[in-house]
Amino acid sequence: MIKNLILSLTALAGLPAVAVGADLGTDVQTRPHAQFESVQARLQTQFEALVEDGFTGAVIVAFQGEIIWSEAAGLADPAQGRPIDLHTQFDIASITKTLTGMVAADLIEQGVLAPDTRFGDVFEDAPAPFDGLTVHQLLTHSAGLVDGVGDDAEAIDAETQRARLYQTELRFEPGEGYDYSNLGYSLVAQMLEALTGQDYEALLSSYLARAELTATGYAEAADRDQMIIFEDGQALDDASWGGHPPGWNLIGNGGLASSAHELMAWRLAYAAGELTTAGAVARAHQPYQAEDEAGRSYYGYGLVVEDHAERGRIYWHNGGSRRFNAHWRSYADEGLTLVALSNQWEVTADRVEQRLSAAWFEAR
């Protein structure tokens, strides 16, 4: 168990220095940049090949806090002929966990909760063994929880979700293993609400507002004029939430609406310490929990941490839902950040990230 852990920013090896006020304006476009002409050409060639294979969505690449290349393809609303652009809202799915981890880490630094705060400390009616689960275990998928207790689109309240939780069995002794759990992050979100007196979306919005980000959230942030609407008429709120505000099978773990522009702005501002304290950034980005026996990757607070032999420290998370998939990745030692969002599964955001990252490193 991690108890009363204090970390300095210097412990966060490899986080790049991000330019404050990076160019993330409303008219973000691919720009000529003499230093990156060759890599931009490679990125463009790979992107066009991905589009030919069926990719639709939006992609942004930034280097040391400056956007050096961006593209989008496909229709955001086929019926209206509205194209996908960098401000189109997608479901970012499990990338939601990175934002939940960000808020939790900051509240730990503020002393609102601690890594060893137990679920039963907040919800006193929680029975054993659930009462003993800690925030740290929930954030690192080491609590032994099942993945979920219902469908994402269900309009389930927090009390019903907890009641279902109490009918499950732990998969292993808490702290003694790793098993990815969407439920765990919803429980963290419930704890954050109870401890701050704010609902999850309002709490998250208060952090994003520090960088003037307003297009990331649930029902309050979703904009039907900007969101993805599919050929069958199903919009993001229908496809991801069931046509109503999201229930607790999603809140805190998935289903947030955001755009490529907003997600990149969030990532750069977060890494630069503009949204939380430096200690909170460091805390969230630690390689706490091995995801496999080989120790090839570790889970921090809402993100994956890897050390690559050639590319150094990497932070990332991806996500997928019924009709969306998403990926962000920061090659911290290289100063490179990529964001990819998509509304189809034929050519995924994971594949886009892999191809564009390879193009970058081949050109450098």
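Provided above is the structure to which this section pertains.
What this report covers is the structure whose coordinates are included nearby. Every value quoted in this text rests on a predicted model; they were computed, and no experiment measured them.

**Concerning the overall build of the protein chain**
- Within the protein chain, the regular secondary structure consists of 11 helices and 12 strands.
- What you see for the protein chain is a C-alpha radius of gyration of 20 Å, in line with the 21 Å of a compact globule of 364 residues.
- If one aligns the C-alpha atoms of the protein chain with their principal axes, the spans along those axes are about 60 × 50 × 35 Å.
- Within the span of the protein chain, comprising 364 residues, buried residues form 56% of the whole.
- For the protein chain, long-range pairs separated by at least 24 residues make up 69% of all intrachain contacts whose partners lie at least 6 apart in sequence.
- Looking at the protein chain as shown, the accessible area adds up to about 14300 Å², and 45% of this sits on carbon and sulfur atoms.

**Examining the nonpolar core**
- Residues Leu145 and Trp266 are the most contacted members of the largest nonpolar core, which totals 112 residues.
- The biggest single contributor to this core is helix α9 (residues 260-271), with 8 residues.
- Residues contacting Trp266, with those up to four places away along its chain left out, are Thr98, Leu99, Met102, Leu208, Leu213, Leu275 and Trp328.

**Observations concerning the packing of aromatic side chains**
- Going through the model one piece at a time under the given rule, you end up with 17 aromatic pairs.
- Between Trp266 and Trp328 the ring centres are 6.0 Å apart and the planes differ by 85 degrees, which places this aromatic pair in the edge-to-face class. Here Trp328 lies in strand β11 (residues 325-331) and Trp266 lies in helix α9, a separation of 62 residues in the sequence.
- Accessibility expressed as a relative area gives 1% for Trp266, which makes it buried.
- Judged by relative accessible area, Trp328 falls into the buried class, the value being 0%.
- Among the aromatic residues, those joined into a ring-pair cluster are Phe36, Phe63 and Trp360.
- The ring centre of Tyr207 lies 4.2 Å from the NZ or CZ of Arg210, which sits over that ring.
- The lysine or arginine in question, Arg323, covers the ring of Phe230, its NZ or CZ lying 3.9 Å from the ring centre.

**Thoughts on the pattern of salt bridges**
- In total, this model carries 12 salt bridges according to the counting rule given.
- One salt bridge connects Arg283 with Glu109, and the closest N-O pair in it is separated by 2.7 Å. Of this pair, Arg283 sits in helix α10 (residues 278-284) while Glu109 sits in helix α2 (residues 96-110), and the two are 174 residues apart along the sequence.
- For Glu109, a relative accessible area of 30% gives the class partly exposed.

**Let's talk about helix α1 (residues 37-53)**
- Between its terminal C-alpha atoms α1 stretches 24 Å, which fits the 24 Å expected from 17 residues at 1.5 Å a residue.
- Buried within α1 are the following residues: Val39, Gln40, Leu43, Gln44, Phe47 and Leu50. Down the axis of α1, the buried set is contained in an arc of 135 degrees. They therefore lie on one face. Exposed residues pointing more than 90 degrees away from the buried face of α1 are listed as Glu37, Thr45 and Glu52.
- Considering only its buried residues, α1 is in contact with β1 (57-63), β2 (66-73) and α11 (349-363).
- Just downstream of α1 lies Gly54, where phi reads positive at about 125 degrees.

**Considering empty space enclosed by the protein**
- Within the structure shown, the criterion is met by 2 cavities of 30 Å³ or more.
- In this structure, the second largest cavity spans a volume of roughly 30 Å³.
- Lining the second largest cavity are Gln137, Leu138, His141, Ala143, Gly144, Leu145, Asp179, Ser181 and Gly184.
- For the lining of the second largest cavity, the class distribution of residues is 3 nonpolar, 5 polar and 1 charged.

**What to know about the sheet that holds β11**
- Taken in spatial order, the 8 strands of this open sheet run β2-β1-β12-β11-β10-β9-β8-β7, and their pairing is antiparallel. One side of each edge strand has no neighbouring strand; the edge strands of this open sheet are β2 and β7 (289-290).
- Here β11 runs beside strand β12 (residues 336-342); their pairing, made up of 7 bridges, is antiparallel. Residue pairing in the sheet places Ser330 in a bridge with Thr337 of β12.
- Each of β1 and β2 touches α1; the most contacted strand, β2, lies at about 20 degrees to it.

Cut-offs and rules
Residues numbered from 1 in each chain as written. Predicted model: local features only at pLDDT ≥ 70, side-chain atom pairs only at ≥ 80, totals over all residues. Heavy atoms only, no water. Helix = DSSP H or I, 4+ residues; strand = E, 2+ residues; numbered from the N terminus. Rg over C-alpha atoms; globule rule 2.2 N^0.38 Å. Buried < 20%, exposed > 50% of the residue type's maximum accessible area, 1.4 Å probe, protein only. Contact = heavy atoms within 4.5 Å. Areas by Shrake-Rupley, 256 points an atom, 1.4 Å probe, with all protein chains shown as cover. Core = buried A, V, L, I, M, F, W, Y, C linked by side-chain atoms within 4.5 Å. Phe/Tyr/Trp six-rings, centres within 6.5 Å; stacked < 30°, edge-to-face > 60°. Lys NZ or Arg CZ within 6 Å of the ring centre and 35° of its normal. Salt bridge = Lys/Arg side-chain N within 4 Å of Asp/Glu carboxyl O. Expected span 1.5 Å × (residues − 1). Arc of directions from axis to C-beta. 1 Å grid on protein atoms, 1.4 Å probe; cavity = no way out; pocket = protein on both sides within 12 Å on 5 of 7 lines; lining within 4 Å. Points joined across faces, edges and corners; volume = space filled by probe spheres on them. Nonpolar A, V, L, I, M, F, W, Y, C, P; charged D, E, K, R; others polar. Pairing = 2+ DSSP bridges. Axes fitted to C-alpha atoms, helices over the stretch in contact; angles between N-to-C directions.

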